[in-house]
Every structure is written in C-alpha cells, then in structure tokens.
Amino acid sequence: MKATGTLPQDPRPWRQRRDAALADTTMRTTIGMVTRRLHLARQTVYQGFPTGESDRVQSVQDKRDAIKNMEALLAEFRRSVEDHGGRTYLARSAADAVEIVRTIAETAGVRRVVKTKSMATEEIELNPGLIASGIQVIETDLGEYIIQRAGEKPSHILAPAAHKNRQAVQTLFQSDARNAGMEPPESDDPTVLTRYARERMRQEFLEADMGITGGNFLVADTGSVVLITNEGNADLVTSCPPILVSVVGVEKLLKDWQALQHLIQQPAMNGVGQRLSSYTTIVSGTRPADGVEGPQDWHVVLLDNGRTRLLDTRYEDVLSCIRCGACLNACPVFRQIGGHAYGSVYSGPIGIVETPLLTDLTILPELPSVACTMCHACADACPMDINLPGHIVALRQEKVARHLTAQGVDLTYRWWARQWATPQGYRRSIRLARFGQRFYRKQGLLQSGPGLARGWFKTRTMPPIAEETFGEWWNKTRNGEGHKYAGQ
Amino acid sequence: MEAVSLFVTCLVDMFRPEAGRAALRVIERRGGQVNFPVDQTCCGQFSYNAGYQHEAALLARHWIEAFEATRDPIVALSGSCAAMVVHIYPELLKEDIEAQGGDERDAARWQARALAVGQRVRELSQWLLHADGSPSSAQSPPNGDAPSLIYHLGCHMRRVLRATTEAPSILAQSGVPVHEPADDDQCCGFGGTYSMTEPMVSTALADAKWQCIQEKAKEVSAVGLTSADLGCLLHLEGRAVRQGTPFPCLHLAEVLDRRDQGRPIGENLPLRGLS
C-alpha cells in the first residue's frame, strides 16, 4: 500500500517555465483578476453565513476522522458499491489506473468518451492513454473543454482555463466550430461563448458510449460517488452513456451522509464563494431492471498513487485537500506566475507540497523552494487547516537532508550560522563585510554582491552596512554607564 | 519605570541603526528603562525559512541565552522576528535536538526555555499599546491636515504574530494618519533569502506591491511608506531606488520618534539612495 506515486511533469526547467510565465502579460492580468475575485468572494461568503465557520471546523474534523479510518472506509465503500451493481478496483499507481480504465473501454468496444473535470485523471494522464488506444475523449467542463481545444493543461485546480481571456476563447471556439461543421460564436460575449459550448457538447453527450468522472466525495456507507459542478455536465456524463467509470483518489472517502453535510459546502464556499455549487450529482449504483436512474455499467477506480504513504506521517493532513483552490487564489506567487509555471498538474501552495510528497521528491524538487515566500496566506485560506507553510519548510529541510540543495549554498548557511551563533563571530563578519563592501559600492549604495547576495542585486540596491551598528553605538555610549537618556 | 530588553534584529543593527536609536528614545520617553543585551545577533529566521533547521537552531539557542539574563519584556523591532521567537522556537529546538539524536529531556528543557522567553516578546507597537503613560518628553502636536503615510503590514506580523491593528493604532495616537494599500494582504516578495535565491519572482511581487502603494499614495497624498519590518522596507526601497523612483521608507520607530519630537511627518524625509 505504500508505493511512491508518479505525476506528469513539464519537461522545461524551472527558469524557463518561470520566465515564460513572467513574460506572459495577458496570462498574468487574467490570473490576477480571477484569483483576486475568487479570494474576495470567499471572504464575503463567510461574512454572510453565521454558522459558516463552525460548519467548516466540523468538516475538518469529519475529514480528519475519515483519513484516520481510511482502510476500513475503503473496504466498506467497495462492499457498498458492489452490493449496488458496481465494480471497484484499487489502482496502486497511475499506470495501473490507466490500464484498468483502458481495459474496461476496450472490452466494451468504446469509441467515444465524455468526461467531467477531474484532477485525478489529469494526474494519471488518462486522456493520452485512451487516445493512444484510438478512443476519442471529450472534456465537458467548460474550462476543460477550452484548454482541450488549446492543447493545454489546467492552470488552476478549480478553474482550469483561468489563464485565458474571452478573446482567446472565441478564437479557439471558432476553429472548433469549423471542425464540427457548426455556426461559430459571433462574439466574445461570455453568454454567446457558453451557448456555443452548450450546443456543441450536446452532440457529444448523446453520441458517447462511455462517461468518465472524477469524484469530490466518496460516501462509504451507501457506496456513493458525489460530484459537484456549476455546469450540470456531471449529470449528463453520468446518465447519458451506458457505461460509467469514476476515477477517484482514496483520500476522498467519508464515513456517511452526516459527514458529507458540511463538507459538501466547502469546495464551493472556499473555491468560488458560493454557499453550494449549482449541481450535485450522486451515483449510488447501477440502473435497476425496472429503474430509470444510474448507468448500466459502473466501475469505480480508487487511486492510491502515493497517497497512502502519507498516512501516519507529519504530512497526513495533506490528504484532507478538497481541491477548492483557495490556497492558489490567496498565494502571491501563484498570482504572478499562474499554474503552468509550476510544471505539475497540482500548482499553487498545495501543488508545491503535494507534488514532491506523492512522488517522494523524484520530480520537480525545486517547487517547495522556488514558489513560496513563506507569507502564510495559504494557511489562512485553507478551509481544511492543512499546515501548508509548515510542510513547505519541512520539505525544504528534507531537501537539505537529502543533499538536493547546491553544496555552495549549504556551506554558506553553515558558515553564516556558525559565525553568528557567537557575538564575536557576528562582529567579525560585520568587519569583514565592511571591508568587502567597498568593492560593491557605488554612489553610497551597494549595487552588487557576492555569493547568495548576488541574486538581490539583479533587481535591487542595498544600503551598505552602517559605519556604526546599533550594537557598536551602544557599547560606545551606553555600556557600563547605566541607562541615561539617549538624547539625539 | 518598566525595564525592557531591546531586540533590535540583525537588519536594524547593521543597516538601519538609526531606527534602533529612534526606538530607544521612543521607549524611554514612555518610561521604559532599556537594556540592550549586547550578545544578541540574529534570530535565525533566514536559515529556518530556507530549510536549514539545525543552523536556525544554533542561532535560536544563542538568542535565548542572550535574552535570558533578565525576566523583562523583550521589545522587538520586527514583527517577523518576534513571530519567529514566539511561534517557531519551541518546536524548532525540540525537533532539532531530536533530529541530532539528543536527549529527550534536553529537548524538553530547551522547548520550555523557548516558551518562557517567547512569552516575554512584544513587537514594538504591541509593547507601546500596553505601556503605561503617555510620552513624558514628547510633544506630538495634532498632525491636523499633515500628510499621511502608507502602512505595510508584514506577512508574519499579520498571520503568525497576529498583530494587525497595533501599529496603525499607535501611529494614529501619534497623530499620523496611515493608509493601507489595495491588496494589502499580498506579500511584498521579500521572504528572507527568497529575495536572493528567486529574485525574478520576488521582484515581480515588489513591483505589484509598489503599484498598489503608489496608487494609494496618490489618492491620499501620502509622503512615505512605513512598516514594523525592516526586511520588507529594505526590499521595497532597494527596488524603488534601482527603478529610479525612490520613495521615503521609514521604520515605525523612526516615524514615532519624529512625532515625539513634534516634527511634521513630511519634514526632511530621508530619501535613501539618492546621495
């Protein structure tokens, strides 16, 4: 149960990803606007909801309890689903999960798949896996549909096309309309664009022979997969095609409907500032012979991919993440660089913690170091009280311990701390710096510097070390003379 | 007379000692009897945030030893460094000793020492707000239609120390109108050595912060920027100077000291970097 997971990664190195992001002014403007709006909406919804905070605290408790009890809940969930006509699978790795879904599709002779938005399927790269087998996959979440047309990956956990403005969307839809033989959207008005997508997707829903969903929650006692959307596309994906496959991380398990009651509000409240998402889709079994609801065949793929190895570690609370995106919206670094610069499907504060944790730092190990100023905004925003800043520091420590940091940098910190751990060393280093800084001084200011400090001077100046530090001044004027008034 | 120990921080000590002397005068005018533990160096936050736990612990142990000589309140000239001592030290020291294979009782003992010293720490505005008596030798005439300042609340003071209202209250009591810019909850990009290891992102954040500061300054005719954290100020000031758009940046203590002396806030504001 404790295997390391695998995640897709952008092959470009960090510098390249970062510089591309910082140079993309359209993306930065759009991401800045979207994150700011969602961040404010979250604050506003709490103000108008007296029990919002106590409900949130209760939901954290329910989620933590479920994680502590994961093994038992997993067994109960699988039993319940199978009792109601579904089949369950436990996928230890991403590759296992893709293989399971592909086998289901190939066995049933599936040609066309419609999908809801799902980070789990992004994580295992399900779409390329199916497409390689000649299966057509259509994303039906509006944001996902947009980025699928653009051949891109989601830039935000909750709002996958948050980096695109409406002009860009219109252009994408125009060429999409040509391919589909449809009337293209006549303007970049969001209503017009949405109407186009609605009509376009309707054909796909009716023609698909398999639906694939993720899952926001798994209710163990009734064996239910619960999906929340603001577009209703999950209703169609789970009811139009005859076969339904749900791919869901094992950490989504909950005990019962009592636990779901407050938790189901959290993604909407904290992600977009709504009391509840517009649509709640619940699948609790296959369609009975005399019934009208549910798919004919239902398969639930439960994904581990590095999750259970976090159980009973200091990082266990990471499994409480409900993918609301509140930490992304609050994060100043995310607002500047957007999601793609992270190079992982999981971006923002949760991404820089979860990517290295699921993969045991085997991919993108730079993330905890390069994408966080340690401002703690994510900690305040996270509705699940995940200790994101604490984990980021701990992962930085982990990197030092595993020698994933540059040796020169390690030596600098070691020398620095050992010097400054005594007053004599501190004073000595000040004298040394005073001597050295004459080489970096221009017009009274430091304009460049050696070693670690070099980075600072790329874009900023610094005053030189004072002729007389406070400590030196104190020793000269005050020490041993009692505490008379300092005057000017 | 309340005796206090002054924790100037390494940045004030080295780069803005005048802010340390200003704080000294401000505290003394309010009846504080200031002791400066001369062995103090740095709280270790730079190392801690960068993932060098053991290095941070070395500095933390030294800091505690330097401040344990008295039982007086410790007045810190940085919200961020105060937060480090109060909220990070206890766990840091315990974990470091455990990680180094040290004795469990030793770990518990250091944790207890950290908690005890942490209870004495107040950031300057926190101490001032609860200090008895008004400034005895201060003049602080009403600022009236005097120009205002932009106030930048550092992230650790806001979210770790949770001291969000004290500095604006103290400044208001001194007759200095302060305004917070739009997106005031967004980091300025300093982040300790993050500013050095990731300068491009750090600078993008500084530029976003300056844009909000300048817009607000224009709106309210503010003449300068103040903060209780010199790290943020040096980073923002250094960026503005490099851009050729300097703007006065004063530590909270420097502002209060000016007001104590009855000097209007806009008078001869230092534009560092234009010498």
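What you see is a predicted model; the values in this text were computed from it and never measured.

S.K.: Explanation requested: the overall build of chain A in the structure shown.
M.R.: When helices and strands are tallied, chain A shows 23 helices and twelve strands. Principal-axis analysis of the C-alpha atoms places the extent of chain A at approximately 95 × 55 × 45 Å. Every one of the 488 residues in chain A was classed for burial, and the buried ones make up 57%. Counting only contacts in chain A whose residues sit at least 6 apart along the sequence, the fraction spanning at least 24 positions is 72%. Surface accessibility of chain A: about 20200 Å² in total, with carbon and sulfur atoms responsible for 52%. For chain A, the distance from the average position of its 58 positive side-chain charges to the average position of its 53 negative side-chain charges is 12 Å.

S.K.: In this structure, what is going on with the packing of aromatic side chains? I would like to understand it.
M.R.: Each aromatic ring pair is described using two quantities: the centre-to-centre distance and the angle formed by the ring planes. In the structure shown here, the tally under the stated rule is 19 aromatic pairs over all chains. Aromatic pair Trp456(A) and Phe190(B): ring centres 6.3 Å apart, planes at 85°, arrangement edge-to-face. You can see Trp456(A) sitting in helix H22 (residues 454-457) and its partner Phe190(B) sitting in the loop between strand S6 (178-179) and helix H10 (194-197), one on each of two chains. The buried category is assigned to Trp456(A), whose relative accessible area is 4%. Judged by its relative accessible area of 13%, Phe190(B) is buried. With a centroid separation of 4.9 Å and an interplanar angle of 70°, the aromatic rings of Phe470(A) and Phe36(B) are classed as edge-to-face. On the criterion of chain membership, the pair formed by Phe470(A) in helix H23 (residues 470-477) and Phe36(B) in the loop between strand S2 (32-35) and helix H3 (45-50) is interchain, its members lying in two chains. Taken together through their ring pairs, the aromatic side chains of Tyr413(A), Trp416(A), Trp420(A), Tyr426(A), Phe46(B) and Tyr52(B) make up a single cluster. The lysine or arginine in question, Arg275(A), covers the ring of Phe49(A), its NZ or CZ lying 4.0 Å from the ring centre. When the ring centre of Trp473(A) is taken as origin, the NZ or CZ atom of Arg21(B), which lies over that ring, is 5.5 Å away.

S.K.: Even after reading the chapter, I still don't get the interface of chain B and chain A, so can you show me in this structure?
M.R.: For interface size, the figure often reported is the accessible area lost on association. Counting from both sides, the interface comprises 71 residues of chain B and, opposite them, 77 residues of chain A. For the pair chain B and chain A, the summed buried surface comes to about 6300 Å²; carbon and sulfur atoms form 61% of the total. Three residues, Met14(B), Tyr52(B) and Arg242(B), lead the burial of chain B against chain A; their summed loss comes to 11% of the area buried on that side. Where chain B touches chain A, the interface holds eight salt bridges.

S.K.: What's the story with the domain arrangement of chain A in this structure? I'm lost.
M.R.: Per the domain assignment, the segments of chain A are domain 1 (26-309) and domain 2 (417-477). Computed over C-alpha atoms, the centres of domain 1 of chain A and domain 2 of chain A are 54 Å apart.

S.K.: Can you walk me through the packing of helix H4 (residues 53-67) of chain B against helix H6 (residues 104-118) of chain B in this structure?
M.R.: When two helices pack together, their arrangement is given by the angle between their axes and by how far apart the axes lie. All names here are of chain B. Viewed as axis vectors pointing N to C, H4 and H6 meet at an angle of 55°, and their least axial separation amounts to 10 Å. As summarised for this structure, H4 and H6 are arranged oblique, according to the angle between their axes. Crossing of H4 against H6: the hand is left-handed. Contacts from Arg61, Trp63, Ile64, Glu65 and Phe67 in H4 reach Trp110, Arg113, Ala114 and Val117 in H6. Across the contact of H4 with H6, the residue classes tally to six nonpolar, no polar and three charged.

S.K.: Looking at this structure, how should I read the domain arrangement of chain B?
M.R.: Residues and elements named next belong to chain B. Domains assigned within chain B are domain 1 (2-129) and domain 2 (142-260). Its C-alpha centre places domain 1 at a distance of 23 Å from the equivalent point of domain 2. Listed per partner, the contact involves 29 residues of domain 1 and 29 residues of domain 2. In total, domain 1 and domain 2 occlude about 2400 Å² of area from one another, counting both sides; carbon and sulfur atoms represent 64% of this. For the domain 1 face of the interface with domain 2, the top three residues by lost area are Arg16, Ser125 and Leu129, together amounting to 24%. Linking domain 1 with domain 2 are six salt bridges. Inspection of the domain 1/domain 2 interface yields 15 residue pairs in polar contact (both at pLDDT 80 or more). Looking at which element gives the most residues to the side of domain 1 that touches domain 2, the answer is helix H2 (residues 17-29), with seven residues.

S.K.: Mind showing me how you'd approach the sheet that holds strand S1 (residues 2-7) of chain B here?
M.R.: Sheet strands line up and pair through hydrogen bonds in the backbone, either parallel or antiparallel. Residue and element names in this part refer to chain B. Here four strands make up an open sheet; going across it, the order is S2-S1-S3-S4 and the pairing parallel. Here the strands that pair on one side only, and so sit at the sheet edges, are S2 and strand S4 (121-123). For this sheet the average axis-to-axis angle between neighbouring strands, irrespective of direction, equals 40°. As defined by bridge partners, strand S3 (residues 74-76) adjoins S4 across three bridges and the pair is classed as parallel. Each bridged residue has a counterpart across the sheet, and for alanine 76 the counterpart in S4 is glutamate 123. Docked against the sheet, H4 engages S1, S3 and S4, running at close to 155° with respect to S1.

S.K.: Looking at this structure, how should I read the environment of Thr70(B)?
M.R.: Residues and elements named next belong to chain B. Secondary-structure assignment places threonine 70 in the loop between H4 and S3. In this structure threonine 70 comes out as partly exposed when scored by relative accessible area, which is 23%. For threonine 70 and arginine 158, which are 88 residues apart along the polypeptide, the C-alpha to C-alpha distance reads 28 Å. Once you skip the residues sitting within four places of it in the chain, threonine 70 turns out to touch Ser5, Asn35 and Arg120.

S.K.: Just checking my understanding: could you explain the pattern of salt bridges for this structure?
M.R.: Opposite charge on two side chains allows them to pair when their charged atoms are near. Within this structure, the stated rule accounts for 47 salt bridges over all chains. With its nearest N and O atoms 2.8 Å apart, the salt bridge here joins Arg36(A) to Asp183(B). A residue pair is termed interchain when its members come from two chains, as with Arg36(A) in helix H2 (residues 25-47) and Asp183(B) in the loop between S6 and H10. Owing to a relative accessible area of 31%, Arg36(A) belongs among the partly exposed residues under this scheme. In this structure, Arg109(B) engages Asp106(B) in a salt bridge whose closest nitrogen and oxygen atoms are separated by 3.6 Å. You can see Arg109(B) and its partner Asp106(B) sitting in helix H6, three residues apart, about one turn around the helix. What emerges from the salt-bridge pattern is a single network uniting Arg112(A), Arg149(A), Asp176(A), Arg200(A), Glu204(A) and Glu207(A).

Rules used in this analysis
Residues numbered from 1 in each chain as written. Chains lettered and ligands numbered in written order. Predicted model: local features only at pLDDT ≥ 70, side-chain atom pairs only at ≥ 80, totals over all residues. Heavy atoms only, no water. Helix = DSSP H or I, 4+ residues; strand = E, 2+ residues; numbered from the N terminus. Buried < 20%, exposed > 50% of the residue type's maximum accessible area, 1.4 Å probe, protein only. Contact = heavy atoms within 4.5 Å. Areas by Shrake-Rupley, 256 points an atom, 1.4 Å probe, with all protein chains shown as cover. Lys, Arg positive; Asp, Glu negative; His and termini not counted. Charge placed at Lys NZ, Arg CZ, Asp CG, Glu CD. Phe/Tyr/Trp six-rings, centres within 6.5 Å; stacked < 30°, edge-to-face > 60°. Lys NZ or Arg CZ within 6 Å of the ring centre and 35° of its normal. Buried area = accessible area lost by both parts, 1.4 Å probe. Salt bridge = Lys/Arg side-chain N within 4 Å of Asp/Glu carboxyl O. Domains from an automatic or database assignment. Axes fitted to C-alpha atoms, helices over the stretch in contact; angles between N-to-C directions. Parallel < 35°, antiparallel > 145°, perpendicular 65-115°, else oblique. Left-handed = near helix turned anticlockwise from the far one by under 90°. Nonpolar A, V, L, I, M, F, W, Y, C, P; charged D, E, K, R; others polar. Polar contact = N/O pair within 3.5 Å; in protein donor to acceptor, adjacent residues only side chain to side chain. Pairing = 2+ DSSP bridges.

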